[in-house]
Number of protein chains: 4
Amino acid sequence: MIIVLRQGATDREIRLIEEKIKSHGLSAHTSRGTERTIIGAIGDERQVDAEAFEGLEYVEKVLRILKPYKLVSRDFKKEDTVIEVRGQRIGGGAVALFAGPCSVEGREMMVEIAGLVASSGANFLRGGAFKPRTSPYAFQGLGEEGLKYLADAREATGLPVATELMDPRDIDLVARYADIIQIGARNMQNFRLLTEVGKLGKPVILKRGLSATIVEWLMSAEYIASEGNHQIILCERGIRTYEPATRNTFDVSAIPVVKSLSHLPVIADPSHAAGKMGLVEPLSAAAIAAGTDGLMIEVHNHPEAALSDGPQSLRPEVFREMVSRLSRISSAVGKKLGSA
Amino acid sequence: MIIVLRQGATDREIRLIEEKIKSHGLSAHTSRGTERTIIGAIGDERQVDAEAFEGLEYVEKVLRILKPYKLVSRDFKKEDTVIEVRGQRIGGGAVALFAGPCSVEGREMMVEIAGLVASSGANFLRGGAFKPRTSPYAFQGLGEEGLKYLADAREATGLPVATELMDPRDIDLVARYADIIQIGARNMQNFRLLTEVGKLGKPVILKRGLSATIVEWLMSAEYIASEGNHQIILCERGIRTYEPATRNTFDVSAIPVVKSLSHLPVIADPSHAAGKMGLVEPLSAAAIAAGTDGLMIEVHNHPEAALSDGPQSLRPEVFREMVSRLSRISSAVGKKLGSA
Amino acid sequence: MIIVLRQGATDREIRLIEEKIKSHGLSAHTSRGTERTIIGAIGDERQVDAEAFEGLEYVEKVLRILKPYKLVSRDFKKEDTVIEVRGQRIGGGAVALFAGPCSVEGREMMVEIAGLVASSGANFLRGGAFKPRTSPYAFQGLGEEGLKYLADAREATGLPVATELMDPRDIDLVARYADIIQIGARNMQNFRLLTEVGKLGKPVILKRGLSATIVEWLMSAEYIASEGNHQIILCERGIRTYEPATRNTFDVSAIPVVKSLSHLPVIADPSHAAGKMGLVEPLSAAAIAAGTDGLMIEVHNHPEAALSDGPQSLRPEVFREMVSRLSRISSAVGKKLGSA
Amino acid sequence: MIIVLRQGATDREIRLIEEKIKSHGLSAHTSRGTERTIIGAIGDERQVDAEAFEGLEYVEKVLRILKPYKLVSRDFKKEDTVIEVRGQRIGGGAVALFAGPCSVEGREMMVEIAGLVASSGANFLRGGAFKPRTSPYAFQGLGEEGLKYLADAREATGLPVATELMDPRDIDLVARYADIIQIGARNMQNFRLLTEVGKLGKPVILKRGLSATIVEWLMSAEYIASEGNHQIILCERGIRTYEPATRNTFDVSAIPVVKSLSHLPVIADPSHAAGKMGLVEPLSAAAIAAGTDGLMIEVHNHPEAALSDGPQSLRPEVFREMVSRLSRISSAVGKKLGSA
């Protein structure tokens, strides 16, 4: 860590910084220039908070040299992490295809959609039983009933099931039914929830927070990994910007950036990023071209009647045609899409 | 709700929208213009999700007429909500002054700081026992031990205590010691936590999320209110923008905007907004001038040695002098600051 | 335009709004609901400024029904605009490939790079003679000398040349040498410059402003079109967000969104969006998959020594290999890339 | 400047960086750590572009030690710059009060408003003759005619006049009538315009760009100063964020931050920041409390009929009452407001 002091910092202030560095078990190397004094903190800076220095009045700025995350970094593990669930893989040269409704609304609809997406090439099912909703008056999901229908859909198709966990008190319940636990964007920094799924023996999809930086996202993955669970799938779902034309701005650069920083697989959720049916295909195509390890697509048999997020859901026949076009792009980058 | 269709929307599409509106118990009023068809949904649109329409391919945009929140809105209740805790008030013509360390680090420091801030004019204590930290390797707070020290500080000074709750499983524990429960920015959309504090009989400070819109913030307050707890204090603490000069951008406009939309008191946390000691005073002054109902200030007796957020904390003697200057601004707008 | 009044708006206020609407030549249709009064402005609302209403104290919000731009909209012209320059086309089913150095640094380097990119598949040359630089102390471009070298490079390769115009006083000079005039991101709302290039008979590349919305970008294109020049090429180059991992956030969604709103071709500049060599290829691939009509790539024969933006420039041999890989993605979406 | 290389950077890459540093006239100091190699560039780094390094594939990050601006920095000149125009001062312990209409719409209105604001305490006049408008179809200002009316208003009141310059070709015309030249937010990085006003002998108001960082804003001021004109007034007018409740987010922190970094005076434009009448007073109050050197307020005698930005304009009688309340806050911070 390198700490740049303001012009005119006093000897006492320099000494205070040096002592603070040493109290963290690092050594301090001070270099007094003509315009600025710079202090280097040598040692494992991960134990030190940059904020612990940068708010001080006589500090101008602080540069971390090392990354604040470790277990999830590419420096720590060179090879790509590949996650296998019921014979299906995420990472390692294929594009996993998760599909299903936003919310599980009933047994019949769930099993029907599952059959349709499976026959179109999806190799993972998705569906929400617990739904984080902005309004307390909106449909909050079917709860355990929804989890059962997901399990029924898995039985009918053989595909592994991913679903969201919102509350640490539900972890046993959700883990009983799900193959993959999803942590939603609004819970990306719900650190207690991260710690709990870190103790599980199941893969976790960690969605990027609404305005999380890539470093914060990887730090949240580090929370999970630091508890022992290394089966983490990162999911880009768009970030909040000033642009109103899309619900979120899909940050396609995040895919190659994360893959260079981390060994974990990265998938993309174009349905939530765009919030519009018509953008799901171009964003899916862009994600594949940029190197995604998977796609998560909302499919509903009656989008107009969906209880949540209907309008960004594709009809099964539209999904089928889209998968066939996306497979060509996937082939062009040397990867297989879903079970195609 | 007004739904504008894309040019060339078909009769079938218009009918689908009309049916969807009716299925929510509202009536549809369609007006076909030369360039666009517009459909009005008449009735209590709070039960309808704008997103349920705006993602549809043939919908161009959707305008809500009514606000999506109700109980917390100024339309619902004209008079300002005033919250009273152990004889101290928030709202109603005074500027409440919360002060204390970021984290409770020990009994002695907590009691010492409490005494110092009380004698300088603070009328509420703050301090974290459970700390949400970006890094799993950072100090996470003293837990129950910290809560006990907060209670000791209350005993010593008579001031009510506010502290953060991070996990629904800790609610009984935290409520046993705290007078006011704080929900942190990262948990603003932890809907399960909101629901739980909504069932409590204690005031709640709801911090604005890192990149929450004012409407989303009020919707989170609505979650709490809809469970029966109307003692909600909103806290502006800066939002995430592209500007790197400050940790967050303190959105001073949010104070008058929220006060026009809602009857709830709004306080400001300039320490977290700025992330720098030197900005705490000008931002506090700005908040008072803009109409804040309270301030939340971090004070530490040894900022250089603080276990978290030290550098944005003020030394007790600096705090004392600041309070005296801020009191003059407070008088200029006709309000009393703290116990001054 | 639909104007929603605040609860309790008075009859006088309603009348003021109605008169203001009529003074713009539109008719007012007022509907008084139980919770809100809504006033519709019927007629050509393009002549009315939404801001002229939304700042009024008794107005809650304003919804435009029609788009504020006309000539550049897809409603106005259904078919894609195709621009032809010296036998090369932009739009209409191909991916145009612009390549060259950020700044023209000398005759020899310009001609050499031009030859190399032409032989690798580029069908347009790019290079800056006038450079907008954040610092007054940085290299500002070779000026007319640079324009001459660009013309030499065109002569040597036969490829049309695009270069930036920064000042209305330089328009004749730049137009004498360039085939396509580029308006940079920082000048997207330099309305005088837009008006001037609107009077030219040459194609214009209009880069998206650093934090321009898509609507503002199209409004700037409307400035050019309203002067009579309809040969406009829009260029997405990344937007400003809170994320520090990339210089800008490449908004890949803007490509399909703009193509649905406008008939104009849209190209992408992944070099400036990312600011990093290693991201140029994945972002180019993403742009092609999402439907771009062209790419603008910085190529330099000695990136380490470049006078500006060197490090995001590709070496000619890297460019050549990238073009060959991107051609496969381009084929997968049924388009030809450059002259390949 | 400190350059951190990626793990595994080769000797050749280290040498390339060292040579690039030396080619800029600085010396390179390389330190090879166990995890990362760090290279310090010692000397006047202002001549070196950080971007010239940070895009290189083997570079992880770059930290500037020195500020990229010089003449406008507080390091260069410790004392506050005070600007005097026709006996009125900006900076140095007072709050200058600029008031007037957004656009000059006629002689009579301009002179009338000028008289009213002067009698209420304004000590500078403002009014636009050349208006940057998002739409080519909107009112673009009266041009020279407007400048004449401004001069008439000055004659009638004795107050100095500030007005906007949009085009380098108009500089002589505008300078003939105006006492202070304003550069609008959209032209903050119109570097040719900055260079031209840098050659003038008149004070310049430089508005912050829509999404300019504070450093970029100061770099634009440096453009003006580097041409010899040091009479620069910075104007905070809100930045673009994701929050839709206000037209822009007024960045009140920018006032103390800029005053710590630069010796130049900083004024605030709450009318444009908020876009709403009702927010002008609280934001003005906040700016004064945070240390602003001036306010710029839109006042119109018939806001409903204004040709531009009417609704954020105050009526003269509202302005008068606001000035009287703001004077109390100004007194509380020890400053005089306007001519009060």
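Fair warning: this is a prediction, and the values are worked out from it, not measured in the lab.

Just give me the short version of helix α7 (residues 214-226) of chain D, but keep the residues and values in it.
Residue and element names in this part refer to chain D. The first and last C-alpha atoms of α7 sit 18 Å apart over 13 residues, in line with the 18 Å expected at 1.5 Å per residue. Within α7, 11 of the 13 residues are buried, which leaves it mostly tucked inside the rest of the structure. Within α7, burial applies to Ile214, Glu216, Trp217, Leu218, Met219, Ser220, Ala221, Glu222, Tyr223, Ile224 and Ala225. On its buried face, α7 sits against α6 (191-198), β11 (204-207), β12 (232-236), α8 (254-261) and β13 (266-268).

Explain the side chain of Glu196(D) to me, using residue names and the numbers behind them.
Tracing the chain through its elements places Glu196(D) in helix α6. Its relative accessible area of 18% is what places Glu196(D) among the buried residues. At a separation of 3.3 Å, a polar atom in the side chain of Glu196(D) contacts the side chain of Arg169(C). For Glu196(D), the contacting residues outside a window of four places in its chain are Arg169(C), Pro168(D) and Ile171(D).

With reference to specific residues and values, describe the packing of aromatic side chains.
Applying the stated rule across the entire model yields eight aromatic pairs over all chains. An angle of 15° between the planes, with centres 4.4 Å apart, marks the rings of Phe98(A) and Phe124(A) as stacked. Residue Phe98(A) is found in strand β7 (residues 94-100), and its partner Phe124(A) is found in strand β8 (residues 124-126); the two are separated by 26 residues along the sequence. Each member of the pair, Phe98(A) as well as Phe124(A), is classed as buried. Its guanidinium or amino end placed over the ring of Phe53(C), Lys20(C) lies 5.7 Å from that ring's centre, counting from NZ or CZ.

Describe helix α11 (residues 316-332) of chain D, and please don't skip the residues or the numbers.
Residue and element names in this part refer to chain D. Under the 1.5 Å per step criterion, the end-to-end length of α11 is 25 Å for 17 residues, consistent within 8% with the ideal 24 Å. The complete set of buried residues in α11 reads Pro316, Phe319, Met322, Val323, Leu326, Ser327, Ile329, Ser330 and Ala332. The first or second residue beyond α11 is Gly334, which carries a positive phi of 80°.

Please provide a residue-by-residue account of unusual backbone geometry, values included.
Note on backbone geometry: most residues besides glycine have negative phi, and most peptide bonds are trans. Residue and element names in this part refer to chain B. Positive phi is not limited to glycine here, since Arg86 has a value of about 45°. Among the secondary structure elements, Arg86 is positioned in the loop between β5 (83-85) and β6 (88-90). A relative accessible area of 54% means that Arg86 is categorised as exposed.

Quick one: what's the story with the relation of the copies chain D and chain B, residue by residue and with numbers?
Of the two same-sequence chains, chain D is brought onto chain B (RMSD 0.0 Å, axial shift 0.0 Å) by a rotation of 180°. Overall, the copies show the geometry of a two-fold rotation axis. Taking the C-alpha atom as reference, chain D places Ala286(D) closest to the rotation axis, 2.0 Å from it.

Describe the interface of chain C and chain D, and please don't skip the residues or the numbers.
The interface of chain C with chain D comprises 54 residues on the first partner and 54 residues on the second. Surface buried jointly by chain C and chain D totals about 4,900 Å² across both partners, of which 48% is contributed by carbon and sulfur atoms. When residues of chain C are sorted by the area they lose upon contact with chain D, Tyr137(C), Arg192(C) and Glu304(C) head the list and together hold 14% of the total. Here chain C is connected to chain D by eight salt bridges. Where Arg169(C) meets Glu196(D), a salt bridge forms, and the shortest distance between an N and an O atom there is 3.3 Å. Here chain C is connected to chain D by 21 residue pairs in polar contact (both at pLDDT 80 or more). Contributions of two or more residues to the side of chain C that touches chain D are made by α1 (11-23), α2 (51-54), α6 (191-198), α7 (214-226) and α10 (277-289) of chain C. Residue classes in the side of chain C that touches chain D are distributed as 22 nonpolar, 12 polar and 20 charged.

How would you sum up the pairing of strand β1 (residues 2-5) of chain A? Please name residues and give values.
Residue and element names in this part refer to chain A. Side chains of β1 alternate between two faces, with Ile2 and Val4 and Ile3 and Leu5 buried alike. As defined by bridge partners, β1 adjoins strand β4 (residues 59-63) across four bridges and the pair is classed as antiparallel. From the neighbouring strand, Leu5 faces β4, where its bridge partner is Val59. Here β1 pairs with strand β3 (residues 37-42) via three bridges, running antiparallel. Pairing of Ile3 across the sheet is with Ile39, part of β3.

Conventions used here
- Residues numbered from 1 in each chain as written.
- Chains lettered and ligands numbered in written order.
- Predicted model: local features only at pLDDT ≥ 70, side-chain atom pairs only at ≥ 80, totals over all residues.
- Heavy atoms only, no water.
- Helix = DSSP H or I, 4+ residues; strand = E, 2+ residues; numbered from the N terminus.
- Expected span 1.5 Å × (residues − 1).
- Buried < 20%, exposed > 50% of the residue type's maximum accessible area, 1.4 Å probe, protein only.
- Contact = heavy atoms within 4.5 Å.
- Polar contact = N/O pair within 3.5 Å; in protein donor to acceptor, adjacent residues only side chain to side chain.
- Phe/Tyr/Trp six-rings, centres within 6.5 Å; stacked < 30°, edge-to-face > 60°.
- Lys NZ or Arg CZ within 6 Å of the ring centre and 35° of its normal.
- Least-squares fit on C-alpha atoms with pLDDT ≥ 70 in both.
- Buried area = accessible area lost by both parts, 1.4 Å probe.
- Salt bridge = Lys/Arg side-chain N within 4 Å of Asp/Glu carboxyl O.
- Nonpolar A, V, L, I, M, F, W, Y, C, P; charged D, E, K, R; others polar.
- Pairing = 2+ DSSP bridges.

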